[in-house]
Amino acid sequence: MNLNGTPTFNPLFRFQWEKAQDCYVLLYPEGMIKLNPSAGEILALVDGNRSLAEITAELEQKFPDAGSLGADVREFIGVAHEQNWIRMQ
Amino acid sequence: MNRTGSGCSDGLLPAGQEKAAGQPLWLLAELTYKCPLQCPYCSNPLDFAGQGEELGTEDWIRVLQQGRELGAAQLGFSGGEPLTRPDLVELIREARALGYYSNLITSGLGLNERKLEAFREAGLDHIQVSFQASDEEVNNMLAGSQKAFAQKLRMAREVKAQGYPMVLNFVTHRHNIDRIDRIIELCIELGADYVELATCQYYGWALENRAQLMPSRAQLERAERITNEYRAKLAAEGNPMRLIFVTPDYYEERPKACMNGWGQIFLTITPDGTALPCHSARQLPIEFPNVKQRSLGDIWYRSFGFNHFRGDDWMKEPCRSCDEKEKDFGGCRCQAYLLTGDAANADPVCSKSAHHDQILAAREEAEQPSAAPFTYRNERNSRVFCRG
Ligand code: SF4
Ligand code: SF4
């Protein structure tokens, strides 16, 4: 996986805020994955334009008390990539 | 309808007496019973030809809106063949605007490039194409149609070409299960994202045809082994295609946790607007509400029909005192009713059921192929099952 790249969603999955669940979810054929808050915040910035570095910078700005987030973001993106939710360009 | 009496007279439980229920995450819209095919394992009711008039577009839009408010996220358009509904594009567009993930469950007959584009543009998320077999002859024999297979192949290719996620569904049984390797090869060639290899469940038409459909244990074990070999091969090749193998519960000793519990996550609306907790529940001797008379919220939380088998107060022995009842909820109510005559009995698939001998007898029967012809799912045969 290229960590300098730009993540995009695998078209098999649709990401959205789900009011009834009070969380972000990934929807796919006949299924739904509920995301925890930090996973949701990261994926909410995946749009095929922002690079991983830009996503990290935006999150650090949004959550200034959280300190440096690079390692967490990389770890989660690794998992998301393994799960086939996202691709790296 | 008389609404002057107590809460009971209008088919709803009095407030406060509802049983615990989850959100109806899954809404299945059976738009029509019309279908150009005649699969002998079709899950539509045997007497479909005698059911009421189809809901109109506005009724469906109201149902979609109310379902979304109750928390439904997955929406299936099925039937019959949903493509026979002229308002399908409109319903897809509404579904997308409401935030559903919409699934079109189709035989592929009646589909063409133009419609696929229109659905895409309206926001359809995914298409499931059902096949009857991996080769033309068996497929067409099972579908009761001469040209079905070629059309399905063409449409599956087009679905992928237009960038949709694609699930291919094969209902497996004794006539096609021995070719499971060819079925999987075909799916690889067509580029499916998911493949459902689902052994028939014996309700409705499939129960009528059980002797002709049910595979032997040896057939089943071979098919499962081959599926596992393909899983390993796909993984080694880095092919993300997923194989989902559904065994028939007739070869299990414990029943499935049917629908994740009665009225817990699943809500089906039939073509005439009857609301059901699962798509075969119409066969049960229970009155189910209709969306023309009630809001989906009242139906889901307060109707007698949806509360009927929630919780475990209704259970009889052996389920009542069984320590596995939280796990399988006593199995499938429809199967209990169809095989024992009482929907509150344990599902006879369970080896603790006093009726388990029926399952054993069916397994034995499956060791001797039946020469009797199929009862095809069509209007003429359906009329035989219509009451009055
Ligand atoms: S199972 Fe076959 S006959 Fe039944 S609705 Fe589907 S395609 Fe039509
Ligand atoms: S006795 Fe009833 S609850 Fe117990 S395992 Fe069998 S079906 Fe399930």
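Small disclaimer: the values here were computed from a predicted structure and weren't measured.

Caption draft 1: Representation of the overall build of chain A within the structure. Check the secondary structure of chain A and you find three helices and five strands. When the helices and strands of chain A are read in sequence order from the N terminus, they spell out β-β-β-β-α-α-α-β. Relative to the compact-globule value of 12 Å for 89 residues, chain A shows a C-alpha radius of gyration of 13 Å, a close match. In terms of its C-alpha atoms, chain A occupies a principal-axis envelope of roughly 35 × 30 × 20 Å. Counting over 89 residues, chain A shows a buried share of 44%. Intrachain contacts of chain A at a sequence separation of at least 6 include 48% that bridge at least 24 residues. When the accessible surface of chain A is split by element, carbon and sulfur atoms take 47% of a total near 4,900 Å².

Caption draft 2: Molecular detail of the site of ligand 1. Around ligand 1 lies a shell formed by B:Cys35, B:Leu37, B:Gln38, B:Cys39, B:Cys42, B:Asn44, B:Gly80, B:Ser107 and B:Arg377. Here the residues of the shell around ligand 1 sort into four nonpolar, four polar and one charged.

Caption draft 3: View of the site of ligand 2. Residue and element names in this part refer to chain B. Taken together, Arg254, Pro255, Pro318, Cys319, Cys322, Glu324, Lys325, Asp328, Gly330, Cys350 and Lys352 make up all the residues around ligand 2. At a threshold of 2 Å from the grid points, most atoms of ligand 2 map onto the largest cavity. Considering only residue class, the shell around ligand 2 consists of five nonpolar, one polar and five charged.

Caption draft 4: Layout of the pairing of strand β4 (residues 31–34) of chain A. Residues and elements named next belong to chain A. Both strand β3 (residues 23–28) and β4 contribute to a ladder of four bridges, which runs antiparallel. For Leu27, the partnering residue across the bridge sits in β4 and is Met32. Hairpin remark: β3 followed by β4, antiparallel, with two residues in the connecting loop; positive phi at Glu30, about 60°.

Rules and cut-offs
Residues numbered from 1 in each chain as written. Chains lettered and ligands numbered in written order. Predicted model: local features only at pLDDT ≥ 70, side-chain atom pairs only at ≥ 80, totals over all residues. Heavy atoms only, no water. Helix = DSSP H or I, 4+ residues; strand = E, 2+ residues; numbered from the N terminus. Rg over C-alpha atoms; globule rule 2.2 N^0.38 Å. Buried < 20%, exposed > 50% of the residue type's maximum accessible area, 1.4 Å probe, protein only. Contact = heavy atoms within 4.5 Å. Areas by Shrake-Rupley, 256 points an atom, 1.4 Å probe, with all protein chains shown as cover. Near = heavy atom within 4 Å. Nonpolar A, V, L, I, M, F, W, Y, C, P; charged D, E, K, R; others polar. 1 Å grid on protein atoms, 1.4 Å probe; cavity = no way out; pocket = protein on both sides within 12 Å on 5 of 7 lines; lining within 4 Å. Sits in = over half its atoms within 2 Å of the grid points. Pairing = 2+ DSSP bridges.

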